[in-house]
Amino acid sequence: MRIDEQDLIERVLKDDDRHAFRQLVLHYQSGLRIFLRRMLSDIALADDCAQETWLIVYQKLASFHGGNFRSWIFTIGMRKALRLKTKEGRTDPLETDVAGSPVPEGLKLDLERALAHLSLGQRACLHLSACEEMSHEEIAEVLDLPLGTVKSHLTRGKERLKTLLSDPEARKEKDHAR
Amino acid sequence: MQDNELFKLMKIETPYLPDAGFSDKVMRELPVQRRVRMRVLAASVVIASIVAFVIWLLGMNSDSFSALASPLALSTVAVAFWVFVGFFAFITVDEGVFEV
């Protein structure tokens, strides 16, 4: 569904048009919620976070001065998610390239379980690149990371994900060959 | 696996989430419409001003009432003023003006 984003935003700002705001929510809700679910690994928490993100979007809409609206929403969502993670005591900053849990033996992982084994930064970069088709610069803006860090996360994240998704027998052979 | 195959897999296996009431929840949580708030603010100021004016008029025409009129009018205006400040503070906080 194509929407005239700029027109909808103007209607919300000028006339407090709730119908226009709902159109924006409907257009971006799936992408944002999926992203937050992958960041927070908790469906209910992710949806609450997404709801609060939209509240902030509504309140701060006047401060959006053109540019990439989707990146702006995702930036707010990511900041909210990081605050929630910090509150829970899970301080795995985005810059950290520490590999998640060790590769489980004898299991070919499905995508979601494989993604859960990546660091938060790698997971975020991969998701935004593959699923949201964001450029490296957009990802750097959303995650507030240097461009070099984004590229590094993408490279290492892809390598690790490929390993995790590969056949465990092939993985063992690779490990022995090293 | 090539990078483009990996990305293709990620796209295919990333579901589309239907709205299923999510946008309704969001809309319910939005603050009361700004126009309504401005009307409430404006109405409270106008009512307080009218009441103060009426009290002042009554005070002018009645000797016994005039002793009370000034403090009553002043009190009404003071109450109206603080109600206005309270509304203003509530609205700015609720609108997230001070949120970092």
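Residues numbered from 1 in each chain as written. Chains lettered and ligands numbered in written order. Predicted model: local features only at pLDDT ≥ 70, side-chain atom pairs only at ≥ 80, totals over all residues. Heavy atoms only, no water.

Engineer: So what about the overall build of chain A? Which residues, and what values?
Structural biologist: Helix and strand counts for chain A stand at nine helices and zero strands. Counting over 178 residues, chain A shows a buried share of 50%. Within chain A, contacts between residues separated by at least 24 positions form 65% of all contacts whose residues are at least 6 apart in sequence. Per element, the accessible surface of chain A, about 8600 Å² overall, is 50% carbon and sulfur. (Helix = DSSP H or I, 4+ residues; strand = E, 2+ residues; numbered from the N terminus. Buried < 20%, exposed > 50% of the residue type's maximum accessible area, 1.4 Å probe, protein only. Contact = heavy atoms within 4.5 Å. Areas by Shrake-Rupley, 256 points an atom, 1.4 Å probe, with all protein chains shown as cover.)

Engineer: Describe the overall build of chain B, and please don't skip the residues or the numbers.
Structural biologist: Secondary structure summary: chain B contains four helices and zero strands in total. Listing each helix as α and each strand as β along chain B from the N terminus yields α-α-α-α. The buried share among the 100 residues of chain B stands at 25%. A separation threshold of at least 6 residues defines the contact pool for chain B, and within that pool the share at least 24 residues apart is 58%. For chain B, the exposed area adds up to about 7100 Å²; of that, 71% sits on carbon and sulfur atoms.

Engineer: Explain unusual backbone geometry to me, using residue names and the numbers behind them.
Structural biologist: Of note in the backbone geometry, glutamate 133 of chain A takes a positive phi value of approximately 55° without being a glycine. Tracing the sequence through the fold places glutamate 133 of chain A in the loop between helix H6 (120-130) and helix H7 (136-143). Judged by its relative accessible area of 54%, glutamate 133 of chain A is exposed. Its identity as a non-glycine residue notwithstanding, alanine 20 of chain B has a phi of 45°, on the positive side.

Engineer: Can you break down the interface of chain A and chain B residue by residue, with the values?
Structural biologist: Every contact between the two is made by 36 residues of chain A and, on the other side, 33 residues of chain B. Summed over both partners, the interface of chain A with chain B comes to about 3300 Å²; 60% of that surface belongs to carbon and sulfur atoms. Considering only the side of chain A, the residues that lose the most area to chain B are Arg18, Gln51 and Gln59 of chain A, jointly responsible for 18% of the buried surface there. In this assembly, chain A and chain B are joined by ten residue pairs in polar contact (both at pLDDT 80 or more). For the side of chain A that touches chain B, the elements supplying multiple residues, two or more each, are helix H2 (18-40), helix H3 (43-60), helix H5 (111-116), H6 and helix H8 (147-165) of chain A. (Buried area = accessible area lost by both parts, 1.4 Å probe. Polar contact = N/O pair within 3.5 Å; in protein donor to acceptor, adjacent residues only side chain to side chain.)

Engineer: I'd like to hear about the packing of aromatic side chains, residue by residue, with values.
Structural biologist: Using the criterion set out here, one finds seven aromatic pairs over all chains in the structure. With a centroid separation of 5.2 Å and 70° between ring planes, the pair formed by phenylalanine 64 of chain A and phenylalanine 69 of chain A is classed as edge-to-face. Cluster of aromatic residues (ring-pair linked, three or more members): Tyr28, Phe64, Phe69 and Trp72 of chain A. The cationic tip of arginine 33 of chain A hangs over the ring face of phenylalanine 22 of chain B; the distance from NZ or CZ to the ring centre is 4.7 Å. (Phe/Tyr/Trp six-rings, centres within 6.5 Å; stacked < 30°, edge-to-face > 60°. Lys NZ or Arg CZ within 6 Å of the ring centre and 35° of its normal.)

Engineer: Just give me the short version of the pattern of salt bridges, but keep the residues and values in it.
Structural biologist: Residues and elements named next belong to chain A. Following the criterion strictly, the structure yields twelve salt bridges over all chains and no others. For the salt bridge of aspartate 47 with arginine 33, the shortest nitrogen-to-oxygen distance reads 3.2 Å. In this pair, aspartate 47 is assigned in helix H3 and arginine 33 in helix H2, connecting sequence segments 14 residues apart. Judged by its relative accessible area of 13%, aspartate 47 is buried. (Salt bridge = Lys/Arg side-chain N within 4 Å of Asp/Glu carboxyl O.)

Engineer: Would you mind going over a nonpolar patch on the surface in detail, with residue names and values included?
Structural biologist: Together, Val45, Phe81, Trp82, Phe84 and Val85 of chain B give the surface a local cluster of nonpolar side chains, amounting to about 470 Å² of exposed area. Counting residues per element, the nonpolar patch draws most heavily on helix H4 (residues 63-94) of chain B, at four residues. (Patch = residues over 30% accessible without salt bridge, like charges linked within 9 Å, V, L, I, M, F, W, Y side chains within 5 Å.)

Engineer: Could you give an account of H6 of chain A, with specific residues and numbers?
Structural biologist: Among the eleven residues of H6 of chain A, eleven are classified as buried, and the element is accordingly described as predominantly covered. On its buried side, H6 of chain A packs onto H2, helix H4 (69-87), H5, H7 and H8 of chain A together with helix H1 (3-12) of chain B.

Engineer: Account for the confidence of the model for chain B, naming residues and giving values.
Structural biologist: The predicted coordinates should not be examined in detail at positions where pLDDT is low. Taken as a whole, chain B shows an average pLDDT of 74; of its residues, 65% reach a score of 70 or greater. Here the predicted complex scores 0.72 on pTM and 0.78 on ipTM. (pLDDT = per-residue confidence, 0-100.)

Engineer: Quick rundown of the state of the cysteines? Include the residues and the values.
Structural biologist: Residue and element names in this part refer to chain A. Inspection of the entire model under this criterion finds zero disulfides over all chains. Considering cysteine sulfurs only, cysteine 125 is the nearest to cysteine 49, which forms no disulfide, with 18 Å between them. In this structure cysteine 125 is a free cysteine whose sulfur lies 13 Å from that of cysteine 131, the closest cysteine sulfur available. With relative accessibility at 0%, the residue cysteine 125 sits in the buried group. (Disulfide = S-S within 2.5 Å.)

Engineer: Which residues make up the nonpolar core, and what values do they have?
Structural biologist: Soluble globular proteins: nonpolar side chains tend toward being buried together. Judged by nonpolar contacts, the single largest core of 60 residues is most densely connected at Phe21, Phe35, Trp54, Val57, Phe69, Leu143 and Leu161 of chain A. Among the elements that make up this core, the one with the highest residue count is H2 of chain A (ten residues). If we ignore the near neighbours within four places in the chain, the residues touching phenylalanine 21 of chain A are Val12, Trp54, Val57 and Tyr58 of chain A together with Val26, Met27 and Leu30 of chain B. (Core = buried A, V, L, I, M, F, W, Y, C linked by side-chain atoms within 4.5 Å.)

Engineer: Talk me through the side chain of aspartate 16 of chain A; I want residue IDs and the actual numbers.
Structural biologist: Following the sequence through the fold, aspartate 16 of chain A ends up in the loop between helix H1 (5-15) and H2. Only 2.5 Å separates the side chain of aspartate 16 of chain A from the side chain of tyrosine 58 of chain A, close enough to count as a polar contact.

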